[in-house]
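# Fold and geometry: a report
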Amino acid sequence: MRQFTAVVNPAAGGVAALHRVAALLRAAGAGLETEPSRSLAHAGRLARAAGRRGRTVLAVGGDGITGAVGGALSGTGTLFGLVPAGRGNDFARALGLPADPAALARLLLHGAPRPVDTVELTSAVHDRTVVLGSVYAGVDALANRHANRARLLRGTASYYAGALRAVAGWRPAGYRVTVDGETHLCRGYTVVAANSGYYGSGRRIAPGARLDDGLLDVVMIRHTPRRLFFALMRELDAGTHVHRPQVRVLRGREIRIEADRSVPYGADGEVDAALPVTARVLPGALRVLY
């Protein structure tokens, strides 16, 4: 029987979400210990310590703690599971995890681990950081910063409000994107290197992305009048924006993103740095229950 350590983000409603699943895990005879995290860095340390003891590690919260815990466990062989409890839950959505607590508990207890790619970031800020979902540089990073600071709105509403605020003040950036050694120029709104197809609370930024193909989907959105950009944003829900002429999609294993001015970038729901950044896929580096 699996022995679990749950690394919990209390601020994301993780305690309540875990309570529903924990009772089912314990009733089945599994051991479960809980470790509240004080920060994402602390969550990573807790996860690695539990992994060294042979525990199956659960990330309980949103995409931030999921990325921190999963990134910390990348390459270690530790078994990793999720109990989604955040605003976006985009990585859980990409995995197709069940929303029903009983179904999720059965998966955690009896599911077979499957290999998932992770993404190594290097930059002036990130000497080496591993994340799970996507790296996004531009108006979406600014929008996510606004969403993270929102107090009155939650979930998808906070992302839409953040996007409106970000787009209103955005001026196009000149990007230099190097994909496996080949350089591409783009002047526009954002560049996304996506391991997962979802970001921003369910928006399908890279509908062709797969978590286990050893590649990142690179989505570049070029400059367009704001009224057309807002139409494009609405198409993100279905992923049909990729058919627009302003959108270009490439694929590669190593992506370098630079810009002609200071442009923020984020990863897994967190924004704390500015370009340039290099993202490199680590194929099959994480064993995940899904």
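One can find the structure itself at the top, above this paragraph.
In this report, we go over the structure that sits alongside the text. Everything quoted here is computed from the prediction, not taken from an experiment. (Residues numbered from 1 in each chain as written. Predicted model: local features only at pLDDT ≥ 70, side-chain atom pairs only at ≥ 80, totals over all residues. Heavy atoms only, no water.)

### Details of the pattern of salt bridges
Under the definition given, this model contains 10 salt bridges. Notably, a salt bridge pairs D90 with R93, separated by 2.7 Å at the nearest N-O pair. Within this pair, D90 and its partner R93 are both found in helix α4 (residues 90-95), separated by 3 residues, close to a single helical turn. A residue is classified by how much of its surface remains accessible, and R93, at 36% relative accessible area, is partly exposed. Among the charged side chains, a salt-bridge network with shared partners connects E33, R53 and R55. (Salt bridge = Lys/Arg side-chain N within 4 Å of Asp/Glu carboxyl O. Helix = DSSP H or I, 4+ residues; strand = E, 2+ residues; numbered from the N terminus. Buried < 20%, exposed > 50% of the residue type's maximum accessible area, 1.4 Å probe, protein only.)

### Some remarks on helix α5 (residues 101-110)
Residues of α5 that are buried include every one of L104, A105, L107, L108 and L109, and no others. Here the buried face of α5 lies against β1 (3-8), α1 (14-27), β3 (56-61), β4 (79-84) and β15 (277-289). (Contact = heavy atoms within 4.5 Å.)

### Some points on the environment of E270
Its location among the elements puts E270 in strand β14 (residues 270-274). Residue classification places E270 among the partly exposed positions, given a relative accessible area of 34%. In this structure the C-alpha to C-alpha distance between E270 and G67, which are 203 residues apart in sequence, comes to 9.3 Å.

### A closer look at unusual backbone geometry
Omega for the bond connecting L275 with P276 falls within 30 degrees of zero, at 10 degrees, which places this linkage in the cis form. By secondary structure assignment, the location of P276 is in the loop between β14 and β15. Of note in the backbone geometry, N89 takes a positive phi value of approximately 50 degrees without being a glycine. Examined against the element boundaries, N89 turns out to sit in the loop between β4 and α4.

### Quick notes on the side chain of H184
In this fold, H184 is placed in strand β9 (residues 182-194). A polar contact is formed between the side chain of H184 and the side chain of R248, at a distance of 3.4 Å. (Polar contact = N/O pair within 3.5 Å; in protein donor to acceptor, adjacent residues only side chain to side chain.)

### Concerning the environment of G188
Within the secondary structure layout, G188 lies in strand β9. C-alpha separation for the pair G188 and L82, spaced 106 residues apart in sequence, amounts to 35 Å.

### Description of the nonpolar core
Grouped together as the largest cluster of nonpolar side chains are 48 residues, with contacts concentrated most on L121, V135 and Y175. The greatest single-element share of this core, amounting to 6 residues, is contributed by β9. (Core = buried A, V, L, I, M, F, W, Y, C linked by side-chain atoms within 4.5 Å.)

### Some remarks on the packing of helix α2 (residues 40-52) against helix α3 (residues 63-73)
To characterise two packed helices, one gives the angle between the axes of the helices and the distance between these axes. Close contact between α2 and α3 brings their axes to 8 Å; oriented N to C, the two are set at 40 degrees. Considering the angle they form, α2 stands oblique to α3. Seen along the crossing, α2 lies across α3 with a hand that is right-handed. Only G64, I65, A68, V69, A72 and L73 of α3 make contact with α2, whose side of the interface consists of L40, A43, G44, A47 and R48. Along the lines of polarity and charge, the residues of the contact of α2 with α3 split into 8 nonpolar, 2 polar and 1 charged. (Axes fitted to C-alpha atoms, helices over the stretch in contact; angles between N-to-C directions. Parallel < 35°, antiparallel > 145°, perpendicular 65-115°, else oblique. Left-handed = near helix turned anticlockwise from the far one by under 90°. Nonpolar A, V, L, I, M, F, W, Y, C, P; charged D, E, K, R; others polar.)

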